[in-house]
Amino acid sequence: MDLNTVKYLADLSKLEYTDEKLTKTASEMTSIMELMDTIKDIDISYDAYKDNHNVFLDGLRRDEVMPSMPTEKVLSNAVNSKNCFVVPKVVE
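Residues numbered from 1 in each chain as written. Predicted model: local features only at pLDDT ≥ 70, side-chain atom pairs only at ≥ 80, totals over all residues. Heavy atoms only, no water.

*Asks:* Help me get a handle on the overall build of the protein, residues and values and all.
*Replies:* When you go through the protein residue by residue, the secondary structure sums to four helices and zero strands. Going from the N terminus to the C terminus, the protein shows its helices and strands as α-α-α-α. In the protein, which comprises 92 residues, the share counted as buried stands at 7%. As presented, the protein carries roughly 9400 Å² of accessible surface, and 57% of it is formed by carbon and sulfur atoms. (Helix = DSSP H or I, 4+ residues; strand = E, 2+ residues; numbered from the N terminus. Buried < 20%, exposed > 50% of the residue type's maximum accessible area, 1.4 Å probe, protein only. Areas by Shrake-Rupley, 256 points an atom, 1.4 Å probe, with all protein chains shown as cover.)

Printed below as a string of C-alpha cells:
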C-alpha cells in the first residue's frame, strides 16, 4: 500500500502520523492485504457427495399434523384479547 493511500486513510480517520510511523503503517497494511489475498487460494467448490457424508436423515421423526393450543387459552391472560399479544413499550 502506498504512502498516499495511508495518508488519505489517516486523514479520514483523523489520525496524525509522523513520517516514520506512516511508513511503518503502510508496511503493516501491505502485509495485511497480502494475507487477505491468500483467501483467494482456498478451494470453496461444493461437492454434495463429499461434503454431506456425515449427514444422516434416517432417524428423523415423521412430520405429523397435531392440534395446537386453542387461541382462547393462549390469550386468556392477555390485556387485549383481540387475537393478539400486547407487549409493554420498552424503548422510546
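That covers the picture; the talk isn't over yet.
*Asks:* An account of the environment of T5 is requested, with residue identities and associated values reported.
*Replies:* In this fold, T5 is placed in helix α1 (residues 3-12). As a C-alpha pair, T5 and A26 span 21 residues in sequence and 8.5 Å in three-dimensional space.

*Asks:* Tell me about α1, and please be specific about residues and values.
*Replies:* Of the residues that open α1, the one with a side-chain oxygen 3.3 Å from the backbone nitrogen of N4 is D2. K14 sits one or two residues past α1 and shows a positive phi near 60°. (Polar contact = N/O pair within 3.5 Å; in protein donor to acceptor, adjacent residues only side chain to side chain.)

*Asks:* Requested: an account of a nonpolar patch on the surface, with residues and values cited.
*Replies:* On the surface, a cluster of nonpolar side chains totalling about 490 Å² of accessible area is made up of M1, Y8, L9, L12 and M33. Sort the elements by how many residues they give to the nonpolar patch and α1 lands first, with three residues. By the element assignment, M33 lies in helix α2 (residues 19-37). (Patch = residues over 30% accessible without salt bridge, like charges linked within 9 Å, V, L, I, M, F, W, Y side chains within 5 Å. Salt bridge = Lys/Arg side-chain N within 4 Å of Asp/Glu carboxyl O.)

*Asks:* Please set out the pattern of salt bridges residue by residue, giving values where relevant.
*Replies:* Scanning all chains against the criterion turns up one salt bridge. Two residues, K40 and D37, come together in a salt bridge whose shortest N-O distance is 3.7 Å. Judged by relative accessible area, D37 falls into the partly exposed class, the value being 41%.

*Asks:* Mind laying out the packing of α1 against α2, listing which residues take part and the relevant values?
*Replies:* Relative orientation of the contacting elements α1 and α2 amounts to 100°, with a least axis distance of 9 Å. Looking at the two axes, α1 sits roughly perpendicular to α2. Residues L3, V6, K7 and L9 of α1 lie in contact with α2, whose contacting residues are L22, T23, T25, A26 and M29. A class-by-class count of the residues in the contact of α1 with α2 yields six nonpolar, two polar and one charged. (Axes fitted to C-alpha atoms, helices over the stretch in contact; angles between N-to-C directions. Parallel < 35°, antiparallel > 145°, perpendicular 65-115°, else oblique. Contact = heavy atoms within 4.5 Å. Nonpolar A, V, L, I, M, F, W, Y, C, P; charged D, E, K, R; others polar.)

*Asks:* Which residues make up the environment of D19, and what values do they have?
*Replies:* If you trace the backbone, D19 turns up in helix α2. Along the sequence, D19 and L3 sit 16 residues apart, while their C-alpha atoms lie 9.4 Å from each other.

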